[in-house]
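# Summary of the model geometry
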Amino acid sequence: MTVHGRRAFIIGGTGQIGRAAAARLLSAGYAVTLGHRRPRPDTAVPDGAASVRVDRADTGALLKALDGHDVVVDTVAFSPYHGAQLARLAGRVGSLVVISTGAVYRAPGLPVPIPETWPTVERDAHDYPAGKAALERDLLATPGLPVSILRTGVLHGPHGRSLDHWTFIKRALDKRPHVVLAQDGRSRFPTSAVANVAELIALCARHPAARVLNIADDPLTVAEIGARIFAVMGHEAEIVTFAGPSRPDGLGFHPWNVPEPIVFSMDRARAELGYSPAVSYDDALRQDIEWATAAVTEAESAGGGWQDVFPDLVARHGSEVWFPYAAEDAYVAGATR
């Protein structure tokens with residue numbers, strides 16, 4: 001089904017989700033405009049999309065740019081201030097789709113899986129989860145504003161500043177014979193392929209309503225993720241595990257390192273919108289691997305490395321814990337004696 005003649009505006013349109021959403025909406029027949037803060041290379045704009053510079057802090061200019069669009073997708077809103085801006089669009093645009101995060105769910109005691117009805121954090125704080133939760137509440141309370149809130153897991157796909165799957169991709173590229181994982185390799189933490197986030201954005205645009213939806217991949221364990229990546233890359237490696245958290249020297253470290261499983265329910269998206277993944281998990285991995293390998297190779301040719309491609313990985317965990325190959329070799333050697 002196409003929707004020729006309908007217009008979409010994406011705030012943060014040249015970012016990771018924005019590019020994927022633009023491509024999906026263009027394929028559905030929308031005229032797409034990407035809003036961004038600073039000039040970007042032409043390659044950041046998908047073929048067929050327009051782009052405009054918009055200062056998010058200038059509410060008047062922002063609203064003028066958004067007026068009259070059939071759907072506005074906001075990939076970068078994260079505070080009540082942004083919610084107040086978007087609330088002023090009631091009656092001025094057809095509908096909103098706003099990207100949130102599963103980090104808003106109130107812990108501890110999370111169920112498996114987590115439904116969208118689970119309570120969200122309510123605290124007077126300026127951290128990311130509290131800001132997102134307040135943004136959600138303000139938008140959902142705005143009358144006359146059909147807004148779809150999408151709660152994502154950890155994103156993966158092309159053009160990101162972070163890719164947790166790199167922990168296995170690089171090991172395959174380095175032809176490592178084994179990987180050692182803490183928590184018995186059983187940790188489950190939600191991931192979201194950006195191509196599938198874009199698919200759900202398109203479904204919400206086609207069927208406007210006030211709603212909250214999770215969007216996440218199949219809930220694989222970290223050991224299963226590693227095995228899938230190695231299989232896709234044609235690499236054979238032994239997955240060795242031990243109980244408990246990773247060690248100070250990085251042994252066992254992986255970015256999904258949680259003691260209790262965190263899983264998002266996808267029942268609502270399937271039931272309300274007929275959602276099914278646009279890409280399989282393995283195909284999403286192929287996209288990750290192709291883009292990441294090329295991007296890191298380019299960075300290395302310029303004298304840099306993977307840390308320059310994925311600065312958010314370094315910001316979250318540091319660079320020392322990622323690939324403790326000597327510690328892994330010693331551990332595996334000791335285990336086989």
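Figured I'd write up the structure that's included with this text. Residue positions are given per chain, counting from 1 as you read along its sequence in written order. Thresholds applied to this predicted model are a pLDDT of at least 70 for local features of residues and 80 or more for the giving and counting of side-chain atom pairs; totals over whole chains, interfaces and linings are not thresholded and use all residues. Where side-chain values are given, they derive from all heavy atoms of the structure, hydrogens and water being excluded.

Turning our eyes to something else, we now look at the sheet that holds strand 1 (residues 7-11). Strand pairing is defined by DSSP finding a minimum of two bridges between the two strands. Secondary structure elements are defined from DSSP: runs of H or I of at least 4 residues count as helices, runs of E of at least 2 residues count as strands, and each element is numbered from the N terminus. Strand order in this open sheet of seven strands is 3-2-1-4-5-6-10, and the pairing throughout is parallel. Strand pairing shows two members of the sheet lacking a second neighbour, strand 3 (50-53) and strand 10 (211-215), which therefore form its edges. Taken pair by pair, the neighbouring strands of this sheet meet at an average axis angle of 20°, ignoring direction. Two residues form a contact once any of their heavy atoms are found within 4.5 Å. Axis lines are fitted through C-alpha atoms, for helices just across the contact stretch, and the angle between N-to-C directions can take any value from 0 to 180 degrees. Where helix 1 (residues 16-27) meets the sheet, its contacts fall on strand 1, strand 2 (31-36), strand 4 (71-74) and strand 5 (95-101), and the angle it forms with strand 1 comes to roughly 175°. Strands strand 4, strand 5, strand 6 (147-152) and strand 10 of the sheet are contacted by helix 6 (residues 194-206), whose axis makes an angle of about 160° with strand 10.

Of note, Gly5 is situated in the segment before strand 1. With a 1.4 Å probe rolled over the protein chains alone, any residue whose accessible area is under 20% of its type maximum counts as buried; one over 50% counts as exposed, and the rest are partly exposed. Judged by relative accessible area, which is 71%, Gly5 ranks as exposed. Each C-alpha atom of the pair Gly5 and Arg188 lies 42 Å from the other, and the pair is 183 residues apart in sequence. Once you skip the residues sitting within four places of it in the chain, Gly5 turns out to touch Gly29 and Asp70.

Attention shifts here to the pattern of salt bridges. The term salt bridge refers to a pairing of a side-chain nitrogen on Lys or Arg with a carboxyl oxygen on Asp or Glu at a separation within 4 Å. Counted by the stated rule, this structure contains 18 salt bridges. The partner of Glu122 in a salt bridge is Arg106, and the shortest N-O contact between them spans 3.7 Å. Of this pair, Glu122 sits in the loop between strand 5 and helix 4 (128-140) while Arg106 sits in the loop between strand 5 and helix 4; the two residues are 16 residues apart in sequence, bridging distant segments of the chain. Arg106 sits in the partly exposed class, given a relative accessible area of 37%. We note a salt bridge from Arg316 to Asp164, for which the minimum N-O separation is 2.7 Å. Residue Arg316 is found in helix 11 (residues 311-317), and its partner Asp164 is found in the loop between strand 7 (154-156) and helix 5 (166-173); the two are separated by 152 residues along the sequence. Look at Arg316 and you get partly exposed, because its relative accessible area is 42%. Beyond isolated ion pairs, a larger network of salt bridges with shared partners links Arg171, Arg176, Glu328 and Asp329.

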